[in-house]
Amino acid sequence: MGSSNIRLTRMGIILIALVASVVLFYAVGRLLSWHRYFDRRVDMKELLSASIDVARRGGDRVRTIREDPRQMNERVKGETKEGAKEMLTAADLESHRIMYGGLSKAFPNMKIISEEHDDSSPLTEPYQPETSLPEVSSLDFDITVPLSDITVWIDPLDSTQEFTENLTEYVTTMVCIAVKGKPVIGVVHQPFTHETSWLVGEWMVWLVSLGLCWPRLVKKSAVVKRRWPKIRSKENHCFKVACR
């Protein structure tokens, strides 16, 4: 019986390579889908509640330090692009420890990025923030998002320069929450007027979690609002912090 030789043409090789690529992409996709299946999901109402609580707690510490100038410990940490001094105070750092520590304890392994950095004196025992504030729990807003999709940005003391000059009406603590890199929740607390304002793009959270949204939908999708005060520009600033 004569032997038969199998010869692959260039087209055959290309077809085999394409089939192998499809199989490989399918296998990788399955692995990723299983990873997301087991990824811990975060209740966005609980995260909003905790964010409001840490912003208030951090603000309480900011106010306490301002009331006793001996605790301020002012220093220059750098300069802006315009050459103005960027100030840093004990209030910045202590508010950072409270806000960062509280959110880290409530949501372990969540990615949290702070405007300030202080590894020298972390909280010995971070407090557990409230994850079911009545003002949030009553909302008809039930969305969970994979932990790995969430990034939280905090500004422990916005307007530090004004803070050092005792222009306290401009001082805020802020939390911004992004899903897949898109800002969906903003919290602004004014420590010296005891006002807390927050904004949630409910549909934005849902659309981002499905990967079906665009950044320009942020403002239009803000269907859940609570008392945004005179500092209206802070809304845009809060979202810009999360986007940069």
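In what follows, the accompanying structure is described.

Conventions used here
- Along each chain, the written sequence defines residue order, and numbers are assigned to residues from 1.
- It should be noted that, the model being predicted, local features are given only for residues of pLDDT at least 70 and side-chain atom pairs only at 80 or more, the latter also being counted only at that level, while totals for whole chains, interfaces and linings use all residues.
- Working from all heavy atoms in the structure, the side-chain values ignore hydrogens and water.
- For the purposes of this entry, the term helix denotes a DSSP run of H or I that reaches at least four residues, the term strand denotes a run of E that reaches at least two, and both are numbered from the N terminus.
- The buried label goes to any residue with under 20% of its type's maximum accessible area, the exposed label to any with over 50%, and the partly exposed label to all in between, with areas taken from a 1.4 Å probe on protein chains only.
- Residue contacts are defined here by distance: any two heavy atoms, one from each residue, within 4.5 Å place the two residues in contact.
- Using the Shrake-Rupley algorithm and a 1.4 Å probe, accessible areas are obtained, with residue cover drawn only from the displayed protein chains.
- Here, a salt bridge means any Lys or Arg side-chain nitrogen found within 4 Å of an Asp or Glu carboxyl oxygen.
- For helices, the axis comes from a line fit to the C-alpha atoms of the stretch in contact; other axes are also lines fit to C-alpha atoms, and the angle between any two N-to-C directions lies between 0 and 180 degrees.
- When describing relative orientation, an angle under 35 degrees is termed roughly parallel and one over 145 degrees roughly antiparallel, while 65 to 115 degrees is termed roughly perpendicular and anything else oblique.
- Helix crossings are classified by the rotation of the near helix relative to the far one: an anticlockwise turn of less than a right angle makes the crossing left-handed, while a clockwise turn makes it right-handed.
- Each residue gets one of three labels, nonpolar for Ala, Val, Leu, Ile, Met, Phe, Trp, Tyr, Cys and Pro, charged for Asp, Glu, Lys and Arg, and polar for the others, Gly among them.

Let us look at the overall build of the protein. Check the secondary structure of the protein and you find eight helices and ten strands. Taken across its 244 residues, the protein has 47% of its residues classed as buried. Sequence-distant contacts, at least 24 apart, represent 67% of the contacts inside the protein between residues at least 6 apart. With an accessible surface of roughly 14200 Å², the protein has 55% of that area assigned to carbon and sulfur atoms.

Scanning the model with the defined rule gives five salt bridges in all. Between Glu-135 and Arg-56 there is a salt bridge; the shortest N-O distance is 3.2 Å. Remark: Arg-56 occurs in helix α2 (residues 44–67) and Glu-135 occurs in helix α4 (residues 134–137); sequence separation between them is 79 residues. According to the relative accessible area criterion, Glu-135 is partly exposed, its value standing at 31%.

So, on to the packing of α2 against helix α3 (residues 90–106). Helix packing geometry: the angle between the two helix axes and the distance between the axes. Contact geometry of α2 with α3 gives a least axis separation of 9 Å together with a crossing angle of 155°. Classed by the angle they form, the pair α2 and α3 counts as roughly antiparallel. In this structure, α2 meets α3 at a crossing whose hand is right-handed. Between α2, through Ala-50, Ser-51, Val-54, Ala-55, Arg-57, Gly-58, Arg-61, Val-62 and Ile-65, and α3, the contact on the second element is made entirely by Ala-90, Ala-91, Glu-94, Ser-95, Ile-98, Met-99, Gly-102 and Leu-103. Among the residues making up the contact of α2 with α3, the classes are represented as ten nonpolar, four polar and three charged.

Taken by themselves, the reported measurements are silent on function.
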